Amino acid sequence: MQEAKTKNQQIEQSKKFLSALSAGSAVSGYEHGLLEMIAEGLRPYADELKHDAFYNVYAKKKGLTGQGTILLSAHSDEIGLMITDIDALGFLHFAQIAGVDAKTLLGQEVVVHGRQATPGLIVPIPESLLSADDRKKAAKIENMRIDIGWTQDQARERVSIGDTVTLKRTVSELLNDCLTGKTFDDRAGVAALAVCLEELSKLRHHHDVVAVATVQEEVGVRGASISAYRLNPDLAIAVDVTHAVTSDYKAEPIEMGKGPAIALGPNIHPALYRKLCDVALEQRLPYQSDPNPGVTGTDARAFQITQSGIPTGLVSIPLRYMHTSVETLHMRDVVHTGKLLAYFIAALPEDLEGMLCY
Amino acid sequence: MLLKELSELDGAAGAEKPVRDALRQFLHLHVDESQVDKLGNLIVLKGQGLPGPKVMLAAHMDEVGLMITDIDSDGMLRFRTVGSIEPRLLVSKPVRIHSAPGTLPGVIGSKAIHVQKAAERGKVFTQEQLYVDIGASSKDDAAKHVKLGDYAYFNTAFAPFGDGYYKGKALDDRAGCAVLAEILRNAYDLPLYGAFTVQEEIGLRGSQVAAYQIQPDFAIVLESTRAADLVPDEGPSWITQIGAGPALSIVDGATIYRPDLLRSVQDLAQRQNIPLQLRRGGQGANDAGRIHVSQTGVPVITLSIPCRYVHSPVSVIAERDYRHCIQLVDALLKNLPLGVQ
């Protein structure tokens, strides 16, 4: 009973942190707004906390010997929109930043991050004004506007070209500890880092651990590249999300609620994959194998080839409807991901070189 | 605020009860008689026993929504729309399912952009492709929480928006319901019937039996109508413009309005300095279509509050249009068009 209660508390605490992070807004390149929130969530478990000029946030937890350095990362940025014009009627025209699916934008409420946060609605221009061809196709961003309910002059007082826009979405709880909301890609990873650091404070570990909330992942893993260069760690594990199976997507075998997905393939150091799986088995944590035949679309992509090369692993939280405003995941998977990382770190030998030898 | 309360209530065709109950509660001190008919129309009477023409004011309670029609083996819910919702608007939305005893949250997700094939990317997600995810682990798990036939709705909050506007869901036609309820708080020198109708969105069904029962001498339909005022220099395509006053219908898909009535409404608005616009475009239909051919025929006009993005998760009206619509209806009830008396 005691164990179950603790587990629930951990899920609730993690849910709270993830919900707060999800409510924040940080389109790639605009992560500064999230700095305080991330710092607040990681500070209780960190010995040192700092950020760099790009707003990568580093939370360091010292190991017993501090002989090696382990980098853990989850990216803080989100996909979003940017204002490109304010028209004569006060409607805003916009472009996308990173992998937005335009089809999912119509009818969404948004926040325009202007001089003041301004609520808006993404709406289609009337169908009668579309070309016959466009009427049959999915909606294009050029045929959408953001309505903020102000005239052009009033709009100009509030909003400028270049302002970013994020979707407005409150997190809600579904059945069976499932959670839905925006930007779980990859704020769920940040929440998992917090779980990991908390677990580590109860465990003995040799090496220093630096959990990094990385920036600009969605535009090409740029924060990962900078932070890994700075730390030059002995090994790096990226924590991200991965597509969970649904009836209309069965290409990969990863299921929500069945534990973190541990990646393997050329982007991943084989010893790290094996160790992560061994630790999961020893600790009776659920996990799924996630074969990636190419380069992964995560921070791991950059880590592996930073400086003289870094042994890299990837642990992913299964997620449905990625890059929509209704991303859905299982909170148990978030907590299990954090725990797996903590036990993995605690199980690392003092001599990392031997373990990582091919 | 009544309009906020009505907007945030859920009630699609056949499931108008939450709206009807709220309106009954709001009106019971202000009317002489109140009854719910066999279809669920709420019909109230004020000024019982007064001489003079019987006037019917009508506004529909139902909104567009979803109905759960099947549960997949993986616990996902298939649905169809109740009334017309453009499929492009469905995807990536949270919904709340009315499943006794309470409501249950769900989301309409979609295949991630990363794993869509090139040909899929430019295609609309059809309603048949979409489903509601409630986090159920299986069909059996889902069936514990949801029944076939349960209704689902967008869960949009009502709020002031921009320069004197409101945003919210179901403003078509809760805005009309709110105007009608506000009018019923006043006293007029005639027998005034308020009909809060059901099932407008699936074919103007409630109003037919409501008009038959009331047999009015004159009817005013209070609606929310499309304002497509988005693109500069495309004025003729706007239909109506928000903020420019209530809109008077000249012709729509179901009714040709009597020109003498239209003229007297315009004259009255001008005399009383109430802004009024004419609804451009002859498409769409509303309860007037059934009311004007009821029994031996009923003179009818439609006054609408211009509304951007009708039948979508979130629509927008102007506070001043709402206020001016109440003013104009009030003026009309004190100065009935000549053709009516």
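Everything quoted here is computed from the prediction, not taken from an experiment.

Our focus in this paragraph is the overall build of chain A. Tallying secondary structure elements over chain A gives 10 helices and 17 strands in all. Since a compact globule built from 358 residues should have a radius of gyration of about 21 Å, the 21 Å found for chain A is in line with a globular shape. Of all intrachain contacts in chain A linking residues separated by at least 6 positions in sequence, the fraction that spans at least 24 positions is 77%. Only carbon and sulfur atoms are counted for the fraction: they give 49% of the accessible area of chain A, which is about 13800 Å². Each charge sign in chain A was given a centre, from 35 positive and 45 negative side chains, and these centres are 3 Å apart.

So, about a negative patch on the surface. On the surface, Asp234(A), Glu350(A), Asp351(A) and Glu353(A) cluster together into a negatively charged patch. Judged by its relative accessible area of 34%, Asp234(A) falls in the partly exposed class.

Turning our eyes to something else, we now look at the sheet that holds strand β10 (residues 172-173) of chain A. Residue and element names in this part refer to chain A. The sheet built from three strands is open, its strands ordered β10-β11-β17 with antiparallel pairing. Every other strand in the sheet has two partners, leaving β10 and β17 (327-330) as the edge strands with one partner each. Direction of pairing for strand β11 (residues 178-181) relative to β17: antiparallel, over a ladder of four bridges. When the sheet's bridge partners are listed, Thr180 is paired in β17 with Thr328. Against the sheet, helix α5 (residues 184-200) makes contact with β11 and β17, and its axis sits at roughly 30° relative to β17, the strand it touches most. Together, β11 and β17 form the strand contacts of helix α9 (residues 331-346), whose direction differs from that of β17 by roughly 65°.

Moving on, we come to the packing of aromatic side chains. Under the definition given, this model contains three aromatic pairs over all chains. Geometrically, the ring pair formed by Tyr321(A) and Tyr131(B) is tilted, given 6.4 Å between the ring centres and 55° between the ring planes. In this pair, Tyr321(A) sits in the loop between β16 (312-319) and β17 while Tyr131(B) sits in the loop between α3 (118-121) and β8 (132-133), so the two residues belong to two different chains. For Tyr321(A), a relative accessible area of 4% translates into the label buried. With a relative accessible area of 2%, Tyr131(B) lands in the buried category. A cation over a ring is seen here: Arg158(A) above Trp150(A), with NZ or CZ 3.6 Å from the ring centre.

Another aspect to go through is the interface of chain A and chain B. Facing 56 residues of chain A, the contacting portion of chain B comprises 59 residues. At the boundary of chain A with chain B, total buried surface from both sides reaches about 4400 Å², with 60% on carbon and sulfur atoms. Per-residue buried area on chain A facing chain B is highest for Lys103(A), Leu175(A) and Tyr321(A); these three make up 15% of the total on that side. At the junction of chain A with chain B, the criterion picks out three salt bridges. A salt bridge links Asp147(A) to Arg308(B), with the nearest nitrogen and oxygen atoms 2.9 Å apart. Of all elements in the fold, only β7 (117-124), α3 (132-136), β8 (144-147), β10 and β11 of chain A reach the threshold of two or more residues within the side of chain A that touches chain B. Among the elements that make up the side of chain A that touches chain B, the one with the highest residue count is β7(A) (five residues).

Moving on: the sheet that holds strand β17 (residues 315-318) of chain B. Residues and elements named next belong to chain B. Read across the sheet, three strands follow the order β10-β11-β17 without closing on themselves; strand pairing throughout is antiparallel. Whereas interior strands pair on both sides, the edge strands pair on one side only; in this sheet they are β10 (159-161) and β17. The average undirected angle you get between the axes of adjacent strands in this sheet is 35°. In terms of strand pairing, strand β11 (residues 165-168) meets β17 through four bridges, oriented antiparallel. Within β17, the residue paired with Gly168 across the bridge is Ser315.

Right, let's get into the domain arrangement of chain A. A common way to state how big an interface is: give the accessible area lost once the parts meet. Residues and elements named next belong to chain A. Looking at chain A, the domain boundaries give domain 1 (2-78 + 182-356) and domain 2 (80-167). On a C-alpha basis, the centroid separation for the pair domain 1 and domain 2 is 33 Å. Between domain 1 and domain 2, the contact holds 12 residues from the first and 13 residues from the second. In this assembly, domain 1 packs against domain 2 so that about 910 Å² is buried in total across both faces, 65% of it on carbon and sulfur atoms. Inspection of the domain 1/domain 2 interface yields zero salt bridges.

This paragraph deals with the pairing of strand β13 (residues 235-243) of chain A. Remember that side chains alternate between the two faces of the sheet whenever the strand is regular. All names here are of chain A. Summarising burial for β13: nine of the nine residues are buried, a large majority. Across four bridges, the pairing between strand β3 (residues 69-75) and β13 is parallel. In the sheet register, Ser73 faces β13, and the bridge partner there is Ala238. The pairing of β13 with β16 spans eight bridges and is parallel. If you follow Ile237 over to β16, its bridge partner there is Gly313.

This paragraph deals with the pairing of strand β12 (residues 192-197) of chain B. Residue and element names in this part refer to chain B. In terms of residue burial, β12 counts as a mostly covered element, since six of its six residues are buried. Of the two faces of β12, the one holding Leu192, Gly194 and Phe196 and the one holding Tyr193, Ala195 and Thr197 are both buried throughout. By the bridge criterion, five bridges tie strand β2 (residues 42-46) to β12 in an arrangement that is antiparallel. Paired with Leu42 across the strands is Phe196, a residue of β12. The sheet contact formed by strand β3 (residues 55-60) and β12 spans six bridges and is parallel. Each residue of the ladder has a partner; that of His60, found in β12, is Thr197.

Residues and elements named next belong to chain B. By secondary structure assignment, the location of Ala285 is in the loop between β15 (277-279) and α8 (288-291). A sequence separation of 84 residues divides Ala285 from Glu201, and the C-alpha atoms of the two residues are 9.5 Å apart. Sequence-distant contacts of Ala285, that is, excluding residues within four places in its chain, are made with Glu200, Leu204, Asp252 and Ala254.

Looking now at the environment of Val36(B). Residue and element names in this part refer to chain B. Here Val36 is to be found in strand β1 (residues 33-36). Of the residues examined, Val36 reaches a relative accessible area of 31% and is grouped as partly exposed. On a C-alpha basis, the gap between Val36 and Gln295 in space is 21 Å, while along the polypeptide they are 259 residues apart. Excluding its chain neighbours within four sequence positions, the residues that come into contact with Val36 are Arg20, Arg24, Asn41 and Leu42.

A few words now on the state of the cysteines. Following the criterion strictly, the structure yields zero disulfides over all chains and no others. Of all cysteine sulfurs, the one in Cys196(A) lies closest to Cys277(A), which takes part in no disulfide; the gap is 17 Å.

Counting residues in each nonpolar core, the largest one holds 81 residues, and the members touching the most others are Leu72(A), Leu235(A), Ile237(A) and Leu329(A). A total of 11 residues in this core trace back to one element, the largest contributor, which is α5(A). The contacts of Leu72(A), once residues within four sequence positions are left out, are Leu193(A), Cys196(A), Val209(A), Val210(A), Ala211(A), Val212(A), Ile237(A), Leu341(A) and Ile345(A). Counting 71 residues, the second-largest nonpolar core is a separate cluster that includes Leu27(B), Tyr188(B), Cys325(B) and Val329(B).

Reading the values: rules and limits
- Sequence order as written defines residue numbering, which begins from 1 separately in each chain.
- To label them, take the chains in the order written and letter them from A, then take the ligands in the order written and number them from 1.
- With pLDDT at 70 or above as the cut-off, local features in this predicted model cover only qualifying residues; side-chain atom pairs require 80 or more to be listed or tallied, and sums for whole chains, interfaces and linings still use all residues.
- With hydrogens and water set aside, each side-chain value is computed from the structure's full complement of heavy atoms.
- Runs of E in the DSSP output that reach at least two residues are strands. Runs of H or I that reach at least four are helices, and both are numbered from the N terminus.
- The size measure is the radius of gyration over C-alpha atoms, and the globule rule it meets is 2.2 Å times the number of residues to the 0.38 power.
- Contact definition: two residues touch when any of their heavy atoms are within 4.5 Å.
- Calculation of accessible area relied on Shrake-Rupley with a 1.4 Å probe; when residues are assessed, cover is drawn exclusively from the protein chains displayed.
- We treat Lys and Arg as the positive residues and Asp and Glu as the negative residues; His and chain ends play no part in the count.
- Where a charge lies is defined by one atom per residue type: Lys uses NZ, Arg uses CZ, Asp uses CG and Glu uses CD.
- In this scheme, patches are assembled from residues that exceed 30% relative accessible area and form no salt bridge. Like charges are connected within 9 Å, while nonpolar side chains (Val, Leu, Ile, Met, Phe, Trp, Tyr) are connected within 5 Å.
- Salt bridge, as applied in this entry: a Lys or Arg side-chain nitrogen positioned within 4 Å of an Asp or Glu carboxyl oxygen.
- Burial classes: relative accessible area under 20% of the type maximum marks a residue as buried, over 50% as exposed, and values in between as partly exposed (1.4 Å probe, protein chains only).
- Any two strands are treated as partners once DSSP identifies two or more bridges connecting them.
- Where helices are involved, their axes are fitted lines through C-alpha atoms of the stretch in contact, as for all axes, and angles between N-to-C directions lie from 0 to 180°.
- Two aromatic rings, drawn from Phe, Tyr or Trp (for Trp, its six-membered ring), form a pair once their centres lie within 6.5 Å of each other, and the interplanar angle then sorts them: stacked below 30 degrees, edge-to-face above 60, tilted otherwise.
- In this analysis the charged atom, NZ for Lys or CZ for Arg, is taken to sit over a ring once it is within 6 Å of the ring centre and within 35 degrees of the ring normal.
- We define buried area as the total accessible area lost by two parts upon association, computed with a 1.4 Å probe and summed across both.
- Note that the domain bounds were set by an automatic or database domain assignment.
- The definition used for a disulfide is geometric: two cysteine sulfur atoms within 2.5 Å.
- In this description, a nonpolar core means a group of buried Ala, Val, Leu, Ile, Met, Phe, Trp, Tyr and Cys residues linked to one another through side-chain atoms lying within 4.5 Å.

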